[in-house]
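# Chains, contacts and geometry: an overview
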Protein chains: 4
Amino acid sequence: MTSSPSLVFLTCGGTIEKIYQPNTGQLTFDQSHISDWVKQFRISQSVSVDVVMLIDSLEMNDSHRETLARTVANTPGNQIVILHGTDTMVESAKCVMLHCREDQTIVFTGAMVPASQQQSDAFFNIGLATGAVQTLPPGVYIAMSGQIFPANAVQKNKSLGRFESTESDNGTLRITKRKQTGGFR
Amino acid sequence: MTSSPSLVFLTCGGTIEKIYQPNTGQLTFDQSHISDWVKQFRISQSVSVDVVMLIDSLEMNDSHRETLARTVANTPGNQIVILHGTDTMVESAKCVMLHCREDQTIVFTGAMVPASQQQSDAFFNIGLATGAVQTLPPGVYIAMSGQIFPANAVQKNKSLGRFESTESDNGTLRITKRKQTGGFR
Amino acid sequence: MTSSPSLVFLTCGGTIEKIYQPNTGQLTFDQSHISDWVKQFRISQSVSVDVVMLIDSLEMNDSHRETLARTVANTPGNQIVILHGTDTMVESAKCVMLHCREDQTIVFTGAMVPASQQQSDAFFNIGLATGAVQTLPPGVYIAMSGQIFPANAVQKNKSLGRFESTESDNGTLRITKRKQTGGFR
Amino acid sequence: MTSSPSLVFLTCGGTIEKIYQPNTGQLTFDQSHISDWVKQFRISQSVSVDVVMLIDSLEMNDSHRETLARTVANTPGNQIVILHGTDTMVESAKCVMLHCREDQTIVFTGAMVPASQQQSDAFFNIGLATGAVQTLPPGVYIAMSGQIFPANAVQKNKSLGRFESTESDNGTLRITKRKQTGGFR
């Protein structure tokens with residue numbers, strides 16, 4: 001348990017971290033860029049950064065999600081931004097929701113266009129998550145498409161390439177009530 | 001008065017909007033880029049954009065600030081992000097605080113490095129403000145240096161090139177109590 | 001036959017023109033960017049631009065190459081830069097060599113990293129080709145890896161991700177002797 | 001005296017090397033970026049890089065130009081690209097012309113928009129110079145505005161923001177006849 005607020009960035013890879021590899025012609029991972037980005041963003045408070053994994057979220061299985069959830073639960077900080085691929089972001093967020101601590105505000109984000117690409121939404125999205133994580137009550141959220149959604153009321157609309165609320169009153173933020181299980185602690 | 005939340009971006013120019021002019025060798029304004037950025041950020045909710053002015057915030061006088069405050073008070077939306085130069089951002093935020101509506105959450109942001117320049121904090125900062133404006137109670141705030149500050153408890157530290165709290169418990173967000181004057185309504 | 005020099009850019013697509021498509025997660029083509037780039041490069045002489053095709057050079061067949069060669073032979077200008085994928089650039093250059101006019105200097109270029117990606121070699125390469133096309137005698141050349149090669153003495157080394165001379169005295173530019181067939185004229 | 005061709009990049013600073021300094025709000029120099037750029041450009045031949053000075057070319061005096069000319073004359077390589085501010089590029093090129101060796105091809109370039117800024121002509125221009133330096137006979141040239149000019153027949157048109165020929169048949173490259181003085185050797 002930590003007594004003072006502390007901002008943490010965890011990365012799981014995802015499109016946001018991908019860069020072009022000339023020899024294969026593919027977008028893939030070399031290393032996490034989150035430490036460089038934190039400097040570029042001129043964040044003045046104390047920040048900790050941890051690379052949990054660097055994979056495409058379509059390749060994440062239950063074991064990967066458990067690793068992520070365990071890392072979150074064991075992180076002293078209570079304001080946690082998680083970079084993650086968009087395709088299974090909701091699934092991972094729900095897994096983290098089952099295991100995180102009661103004092104933790106956790107915001108997942110990612111990008112539809114890699115940060116290494118022109119016209120990317122990456123830096124805006126990390127900002128969106130960083131703004132939300134410092135202002136929302138404990139719980140698990142997804143910050144994408146310019147909005148903040150509770151993790152249990154959001155889905156990715158793949159054909160439109162955006163996240164949307166699963167609630168009928170689309171767009172209004174509700175504070176999620178987390179089921180507190182305390183799995184890994 | 002509006003019944004539903006609505007996201008508004010106002011721009012006053014500032015470093016964030018500056019671009020390089022080859023003929024003069026100076027960084028200055030050509031036009032606002034906020035509409036292009038909103039597309040790049042892939043914001044899916046309805047957004048309105050308004051260019052209030054495009055000037056260096058060191059050149060803003062009381063009349064400019066009054067124009068801004070009047071524009072805010074007359075804007076139907078209640079979630080308002082304002083792009084502004086950093087040098088007099090606090091002064092403008094305090095002016096807006098005197099005149100805005102009780103239902104409005106207003107977040108100022110800007111950049112230490114122009115968005116047109118590599119290694120800019122601009123897009124992260126706009127994201128930070130956009131996350132904060134949707135999650136904070138009504139009031140006037142500044143989102144810079146990775147943090148969100150109430151407008152009446154923040155200053156720019158010019159030698160360090162960052163914003164910091166004027167409160168002794170630096171870094172903890174307090175909800176501002178706005179003095180409600182209703183000047184322009 | 002043209003009496004005065006005239007700079008022409010033709011594009012066949014290739015990696016240099018690819019951009020990221022969020023819905024598929026693939027790098028592919030939307031439209032040619034060469035006209036925008038010519039403005040950005042601040043080229044002051046008269047320039048003509050033509051989009052011949054927009055495809056991955058691995059998908060080019062004899063018919064595509066014939067279309068390209070015919071377009072070149074029918075182009076009034078005699079200084080021609082061709083944007084092309086790197087994988088079959090040499091093959092296309094040899095095909096163009098068989099059919100181009102005696103007064104034409106033709107320089108192929110492309111990129112190992114798309115222009116839309118950070119850390120791209122694209123703009124440098126287009127510059128390299130534009131410098132070479134204005135200074136070399138008629139013939140067909142490839143401008144890649146910081147060098148200019150005659151089209152009949154160069155290969156792509158795929159494992160090293162670069163172009164290299166097939167001559168023993170690697171790196172010395174020789175002026176190509178074109179076999180003049182006049183196929184399409 | 002060197003027996004084999006060798007590519008050399010010298011930098012004198014100029015707009016091309018400037019970056020934004022947040023604390024002053026000015027574009028100025030921190031360090032040369034030419035070594036990073038050479039990597040980005042994927043140049044495969046052997047390259048040497050030397051930072052001669054990092055200043056605005058308006059601040060260059062005769063002593064600065066003599067330092068540059070001496071450096072060029074003492075450089076073993078015979079293919080030399082020089083990054084330089086645009087305002088006094090022609091003056092420096094003429095000074096270098098008086099002192100360089102008979103075997104040296106020297107191409108000056110720079111940028112109207114800093115490389116650190118979006119929409120820069122910098123990388124194209126360096127490519128233009130690198131293409132020209134490998135294909136032109138010994139002499140001193142300026143590669144700007146998409147063209148290559150002999151150093152003794154070019155001027156910067158400040159109102160149009162471009163370089164242009166001082167000859168009546170504007171746009172045709174003529175090979176410069178250098179006055180060979182051998183000053184520093």
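Think of each chain on its own: its residues are numbered from 1, step by step along the sequence as written. In the order they appear in the text, chains get letters beginning with A and ligands get numbers beginning with 1. In keeping with the model being predicted, local features are shown solely for residues with a pLDDT of at least 70 and side-chain atom pairs are shown and tallied solely at 80 or more, while totals for entire chains, interfaces and linings include all residues. Side-chain figures throughout are based on the complete set of non-hydrogen atoms in the structure, without hydrogens or water.

### Examining the overall build of chain A
In DSSP terms, a helix is any run of H or I states spanning at least four residues, a strand is any run of E spanning at least two, and both are numbered starting from the N terminus. The number of helices and strands found in chain A is four helices and 10 strands. In sequence order, the secondary structure elements of chain A are arranged as β-β-β-α-β-α-β-α-β-α-β-β-β-β. Any two residues whose heavy atoms approach within 4.5 Å are treated as being in contact. Here the contacts in chain A between residues at least 6 apart in sequence split such that 68% fall between residues at least 24 apart. Here the open area of atoms and residues is found with the Shrake-Rupley method and a 1.4 Å probe, where only the protein chains shown may cover a residue. When the accessible surface of chain A is split by element, carbon and sulfur atoms take 45% of a total near 7,100 Å².

### Points about the sheet that holds strand S5 (residues 79-83) of chain C
Residue and element names in this part refer to chain C. Read from one edge of the open sheet, six strands run S4-S1-S5-S6-S7-S8, paired in mixed fashion. Looking along the sheet, the strands with just one partner apiece sit at the ends: strand S4 (47-55) and strand S8 (147-150). Ignoring which end each strand starts from, the neighbouring axes of this sheet average 20° apart. Summarising the sheet, strand S6 (residues 105-109) and strand S7 (residues 139-144) pair through four bridges and their orientation is parallel. Bridging from a neighbouring strand, Val 107 pairs with Tyr 141 of S7. The axes are straight lines fitted to the C-alpha atoms, using for helices just the contacting stretch, and the angles between their N-to-C directions are given from 0 to 180°. Most of the contacts of helix H2 (residues 62-74) go to S4, to which it runs at about 175°, and overall it touches strand S1 (7-13), S4, S5 and S6. The strands touched by helix H4 (residues 122-133) are S1, S5, S6, S7 and S8; relative to S6, the strand with the most contacts, the crossing angle is about 170°. Following DSSP output, two strands are said to pair if at least two bridges run between them.

### Regarding the relation of the copies chain A and chain B
Least squares is the method for superposing the copies, and the C-alpha atoms it fits come from residues with pLDDT of at least 70 in both. Of the two same-sequence chains, chain A is brought onto chain B (RMSD 0.0 Å, axial shift 0.0 Å) by a rotation of 180°. Put plainly, the chains are arranged around a two-fold axis. By residue overlap, the copies meet face to face through one surface: 100% of the interface positions of chain A are interface positions in chain B.

### Thoughts on the packing of H4(C) against helix H4 (residues 122-133) of chain D
One way to put it is that H4(C) packs onto H4(D) with a least axis distance of 6 Å and a crossing angle of 40°. Accordingly, the angle class assigned to the pair H4(C) and H4(D) is oblique. You can see that H4(C) and H4(D) cross each other, and the crossing is right-handed. Residue-level inspection shows C:Phe123, C:Phe124, C:Ile126, C:Gly127, C:Leu128, C:Thr130, C:Gly131 and C:Ala132 of H4(C) in contact with H4(D), the latter providing D:Phe123, D:Phe124, D:Ile126, D:Gly127, D:Leu128, D:Thr130, D:Gly131 and D:Ala132. Amino acids are sorted into nonpolar (Ala, Val, Leu, Ile, Met, Phe, Trp, Tyr, Cys and Pro), charged (Asp, Glu, Lys and Arg) and polar (every other residue, Gly among them). Of the residues belonging to the contact of H4(C) with H4(D), the class tally is 10 nonpolar, six polar and no charged. Working rule for angles: under 35 degrees goes down as roughly parallel, over 145 as roughly antiparallel, 65 to 115 as roughly perpendicular, anything else as oblique. Take the far helix as your reference; a near helix turned counterclockwise from it by less than a right angle gives a left-handed crossing, and one turned clockwise gives a right-handed crossing.

### Here's the deal with the interface of chain A and chain B
Contacts between the two partners involve 31 residues from chain A, matched on the other side by 31 residues from chain B. Interface of chain A and chain B: buried area, both sides summed, is about 2,500 Å²; carbon and sulfur atoms make up 58% of it. In this description, buried area is defined as the sum, over both parts, of the accessible area (probe of 1.4 Å) that is lost when the two are combined. Sorting the residues of chain A by area buried against chain B places A:Gln40, A:Arg42 and A:Phe124 first, and these three jointly supply 25% of that buried surface. Elements that contribute at least two residues to the side of chain A that touches chain B include exactly helix H4 (122-133), strand S8 (147-150) and strand S10 (162-165) of chain A. When the residues that make up the side of chain A that touches chain B are grouped by side-chain class, the tally is 13 nonpolar, 15 polar and three charged.

### Some thoughts on the environment of A:Pro150
Mapping A:Pro150 onto the fold places it in strand S8. A C-alpha to C-alpha distance of 9.1 Å links A:Pro150 and A:Val107, two positions 43 residues apart in sequence.

### Comments concerning the relation of the copies chain A and chain C
Superposition record for chain A on chain C: RMSD 0.0 Å, screw rotation 180°, translation along axis 0.0 Å. The residues that chain A uses at the interface reappear at the interface of chain C in 100% of cases, marking a shared surface.

### Some remarks on the packing of aromatic side chains
Only Phe, Tyr and Trp rings are paired, with Trp represented by its six-membered ring, and only when their centres lie within 6.5 Å; those with planes under 30 degrees apart are stacked, over 60 edge-to-face, the remainder tilted. Enumeration according to the criterion identifies 12 aromatic pairs over all chains in this entry. For the pair B:Trp37 and B:Phe123, a centre-to-centre distance of 5.6 Å together with 65° between the ring planes defines the contact as edge-to-face. Of the two residues, B:Trp37 sits in helix H1 (residues 34-40) while B:Phe123 sits in helix H4 (residues 122-133), which places them 86 residues apart along the sequence. Residues B:Trp37 and B:Phe123 agree in their burial class; the two are buried. Relative to D:Phe41, the ring of C:Phe124 lies with its centre 4.2 Å away and its plane at 5°, an arrangement referred to as stacked. A residue pair is termed interchain when its members come from two chains, as with C:Phe124 in helix H4 and D:Phe41 in the loop between helix H1 (34-40) and strand S4 (47-55). Comparing C:Phe124 with D:Phe41 shows no difference in burial state: the two are buried. Within the aromatic cluster, the residues linked to one another by ring pairs are A:Trp37, A:Phe41, A:Phe123 and B:Phe124. Each residue gets one of three labels from its accessible area relative to the maximum for its type: buried under 20%, exposed over 50%, partly exposed in between, using a 1.4 Å probe on protein chains only.

### Quick notes on the interface of chain A and chain C
Contacts between the two partners involve 17 residues from chain A, matched on the other side by 17 residues from chain C. Taken together, the two surfaces of chain A and chain C that pack against each other cover about 1,300 Å², and 48% of this comes from carbon and sulfur. Any carboxyl oxygen of Asp or Glu that lies within 4 Å of a side-chain nitrogen of Lys or Arg is treated as forming a salt bridge with it. Taken together, chain A and chain C are joined by zero salt bridges. In terms of residue class, the side of chain A that touches chain C is made up of nine nonpolar, seven polar and one charged.

### Describing the side chain of C:Asp121
Of note, C:Asp121 is situated in the loop between S6 and H4. The sign given to each residue is positive for Lys and Arg and negative for Asp and Glu; His and the chain ends receive no count. An unpaired buried charge is present at C:Asp121: no salt bridge exists, and D:Arg42, the closest side chain of opposite charge, is 4.4 Å distant. Setting aside residues up to four positions removed in sequence, C:Asp121 forms contacts with C:Ala111, C:Met112, C:Val113, D:Gln40, D:Phe41 and D:Arg42.

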